[in-house]
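# Descriptive structure summary
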Amino acid sequence: MGAYLLEWLSLFFRWFHVIAGVAWIGASFYFVWLDLSLRKPPQWKTDKGISGDLWAVHGGGFYEIAKYKLEPEEMPKTLHWFKWEAYTTWLTGAAMMSIVYYANATAYLIDPSKIAFTDVGAIATSLLFLFGSYFIYEVIVRSHLGKNALIFSTLIFILLVIASWGSYQLFSDRASFIHIGAILGTVMVGNVFFGIMPAQRALVDCVQRGEKPGKEVAELALQAKNRSLMNNYFTLPLIFTMISNHYPMMYAHEQGWLVLVFVGVITATARHYFNQKHLGHKKPRYLVIPAILTVLLIIWMRPEPIEPAPVVSATASAVPTTNNSTPPATSAVTDTNADTNATVSTSTTTTEAVPVSASADDAMMNVVQTRCSTCHAAQPTQQGFAAPPAGIILQSPNDLKTHKAKIVTAVQTGYMPLGNITQLTDAERQQLVAYVSAL
């Protein structure tokens with residue numbers, strides 16, 4: 001019942017998170033475009049304190065938009081603030097983090113091959129990692145380093161590279177990507193709450209009191225500008241990390257943290273192209289560079305080709321010796337050849353080729369039922385799962401054949417089992433890929 005309720009809570013908060021995120025990103029993109037598209041106004045507007053204006057047509061009408069250098073001639077009766085899009089996105093994202101990664105820490109957050117955390121230890125480490133990273137960011141942005149956009153941006157990039165590497169040492173591969181996304185999202189909403197909104201409130205307060213904004217307000221405005229710039233460049237990397245759980249080939253790569261750094265550079269550079277374009281500067285190199293980096297990333301990440309081969313013979317052991325913490329899957333056929341067993345190692349993917357037989361099916365299905373079907377069953381027995389992930393049921397050779405392409409990718413990349421919760425060994429993984437490829 002608990003897993004069932006978690007599924008519904010996940011669905012509920014996921015939808016709100018998507019809606020809030022779209023609203024926030026849309027508003028962010030719009031105002032960045034607006035600021036960069038403003039042009040010098042006519043003199044009569046300049047005399048009124050307007051620093052830039054823009055004309056637009058949309059929805060069957062003309063819009064005239066003007067931005068004041070500081071304060072308008074008088075405070076408008078209705079003033080729209082843009083903050084709840086950011087706050088709602090972060091709050092629903094935090095709820096999703098709690099439901100998916102904290103409530104099911106064993107399945108999604110912990111990778112025992114890295115650090116054998118307890119659930120409480122993993123959650124505490126995650127929170128410390130997230131808010132510790134944000135604290136470091138806040139110290140930097142409030143220091144004199146935060147006043148220089150170039151130095152500030154370079155330093156934050158270096159710290160994010162370190163955080164990407166660190167997350168891969170602590171958490172499961174999938175959770176590592178999500179943690180970097182959570183850091184980016186926390187920094188962005190923190191920029192709104194602790195930097196942009198205070199600067200805007202200080203400016204509005206001055207206008208309401210009829211005072212000229214002083215040095216303190218100007219410094220807040222400069223800090224808010226740098227924070228807004230950082231949010232602008234974080235947007236595309238954040239979107240990628242939000243959807244990364246759908247692409248195990250990215251986070252399950254042997255050097256997944258470096259893949260994440262590559263993607264961050266590619267997306268931020270592409271964002272820079274659009275920023276320059278809005279300013280009227282056409283610099284195609286900022287699209288060419290990401291394109292080249294993307295091709296290089298694809299080449300570097302390409303997996304070794306899979307050789308569809310018949311599985312080991314029925315007389316070969318389907319499961320090698322495992323450590324004491326991993327219960328071996330029993331074979332349906334008695335092994336009578338010790339020499340054959342010795343040839344099955346964790347470093348090779350091929351053995352004596354024989355046609356797929358019923359006994360071979362039984363041997364591999366024993367592995368599947370032990371390592372995979374605890375989650376991928378009509379009624380999962382693995383704690384935290386009310387239904388089979390993605391609706392995929394793996395309880396017969398026909399099921400394996402139906403989902404052949406997905407299984408090969410998921411098992412080969414290490415994406416499945418999640419966090420290797422059922423302790424699928426390297427030899428079993430290789431045999432399973434060979435078996436499914438031959439179906």
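Bear in mind that the values here come from a model prediction, so they are computed numbers and not experimental data.

### Topic: the overall build of the protein
When helices and strands are counted, the protein shows 16 helices and two strands. Relative to its 439 residues, the protein shows a buried fraction of 42%. Contacts spanning at least 24 positions in sequence make up 70% of the contacts within the protein whose residues lie at least 6 apart.

### Remarks on the nonpolar core
One finds Tyr 101, Leu 109, Tyr 137, Ile 156, Ile 183 and Phe 234 to be the most contacted residues of the largest nonpolar core, which totals 61 residues. Top element by residues in this core is helix α7 (residues 173-209). It accounts for 14 residues. Leave out the neighbours within four places in its chain, and Tyr 101 touches Met 96, Tyr 108, Leu 109, Arg 174, Ala 175 and Ile 178.

### So, the UniProt feature "transmembrane region" (unreviewed entry) in the protein
Look at the UniProt record and you will see "transmembrane region" (unreviewed entry) annotated at residues 12-33, 84-103, 115-137, 149-171, 177-199, 233-250, 256-274 and 286-303. Secondary structure content for residues 149-171 is 96% helix and 0% strand, and the end C-alpha separation is 32 Å.

### Overview of the pairing of strand β1 (residues 50-58)
Here eight bridges tie β1 to strand β2 (residues 61-68), and the two strands are oriented antiparallel to one another. Counted as the bridge partner of Ala 56 is Tyr 63 from β2. Turn length for the β1-β2 hairpin, with the two strands adjacent in sequence and antiparallel, is two residues, and the turn residue Gly 59 shows positive phi of about 60°.

### What to know about a nonpolar patch on the surface
A contiguous nonpolar patch, built from Tyr 4, Leu 5, Trp 8, Leu 11, Trp 15 and Ile 19 and spanning about 690 Å² of accessible area, is present on the exposed surface. Structurally, Trp 15 can be placed in helix α1 (residues 2-37). Trp 15 sits in the exposed class, given a relative accessible area of 55%.

### Brief notes about the environment of Ala 221
Looking at where Ala 221 falls in the secondary structure, it is placed in helix α8 (residues 215-243). Assessed through its relative accessible area of 40%, Ala 221 is described here as partly exposed. Considered as a pair, Ala 221 and Ile 196 are 25 residues apart in the sequence and their alpha carbons are 7.7 Å apart.

### Re the packing of aromatic side chains
Taken as a whole and assessed by the stated rule, the structure comprises 18 aromatic pairs. When the centroid spacing of 6.0 Å and the interplanar angle of 70° are considered together, the rings of Tyr 101 and Tyr 108 count as edge-to-face. Tyr 108 carries the same exposure label as Tyr 101, and that label is buried. Arranged with centres 6.1 Å apart and planes meeting at 65°, the rings of Phe 177 and Tyr 251 form a pair that is edge-to-face. One end of the pair, Phe 177, is in helix α7; the other, Tyr 251, is in helix α9 (residues 248-251), with 74 residues separating them in the sequence. In terms of burial, Phe 177 and Tyr 251 fall into one category: buried.

### What to know about helix α5 (residues 119-142)
An ideal rise of 1.5 Å per residue puts 34 Å on 24 residues; α5 measures up with 35 Å between its terminal C-alpha atoms. Considered for burial, the residues of α5 that qualify are Ala 122, Ser 126, Phe 129, Leu 130, Ser 133, Tyr 134, Tyr 137, Glu 138, Ile 140 and Val 141. Where α5 is buried, its residues meet α3 (84-102), α4 (105-109), α6 (149-170), α7 and α8.

### What about the state of the cysteines?
Taken as a whole, this structure holds zero disulfides when the rule is applied. You can see Cys 372 has no disulfide; the closest cysteine sulfur is in Cys 375, sitting 8.9 Å from it. Note on Cys 372: relative accessible area 12%, which makes it buried.

### Thoughts on the packing of α5 against α7
For any two helices packed against each other, one specifies the inter-axial angle together with the distance between the axes. At their nearest, the axes of α5 and α7 sit 10 Å apart, and the two run at 45° to each other. Taken together, the axes of α5 and α7 lie oblique to each other. By crossing handedness, the relation of α5 to α7 is classed as right-handed. Note on element contacts: α7 touches α5 through His 179, Ala 182, Ile 183, Thr 186, Val 187, Gly 190, Asn 191 and Phe 194, opposite Ser 126, Phe 129, Leu 130, Ser 133, Tyr 134, Tyr 137, Glu 138 and Arg 142. Residues that form the contact of α5 with α7 fall into these classes: eight nonpolar, six polar and two charged.

### Description of the environment of Ile 266
You can see Ile 266 is positioned in helix α10 (residues 256-278). For Ile 266, a relative accessible area of 11% corresponds to the buried category. Note: C-alpha distance between Ile 266 and Tyr 286 (20 residues apart in sequence) is 9.4 Å. Aside from chain neighbours lying at most four places away, what touches Ile 266 is Pro 290, Leu 293, Thr 294 and Leu 297.

About the thresholds
Residues numbered from 1 in each chain as written. Predicted model: local features only at pLDDT ≥ 70, side-chain atom pairs only at ≥ 80, totals over all residues. Heavy atoms only, no water. Helix = DSSP H or I, 4+ residues; strand = E, 2+ residues; numbered from the N terminus. Buried < 20%, exposed > 50% of the residue type's maximum accessible area, 1.4 Å probe, protein only. Contact = heavy atoms within 4.5 Å. Core = buried A, V, L, I, M, F, W, Y, C linked by side-chain atoms within 4.5 Å. UniProt positions renumbered as here; feature names shortened; annotations may be inferred. Pairing = 2+ DSSP bridges. Patch = residues over 30% accessible without salt bridge, like charges linked within 9 Å, V, L, I, M, F, W, Y side chains within 5 Å. Areas by Shrake-Rupley, 256 points an atom, 1.4 Å probe, with all protein chains shown as cover. Salt bridge = Lys/Arg side-chain N within 4 Å of Asp/Glu carboxyl O. Phe/Tyr/Trp six-rings, centres within 6.5 Å; stacked < 30°, edge-to-face > 60°. Expected span 1.5 Å × (residues − 1). Disulfide = S-S within 2.5 Å. Axes fitted to C-alpha atoms, helices over the stretch in contact; angles between N-to-C directions. Parallel < 35°, antiparallel > 145°, perpendicular 65-115°, else oblique. Left-handed = near helix turned anticlockwise from the far one by under 90°. Nonpolar A, V, L, I, M, F, W, Y, C, P; charged D, E, K, R; others polar.

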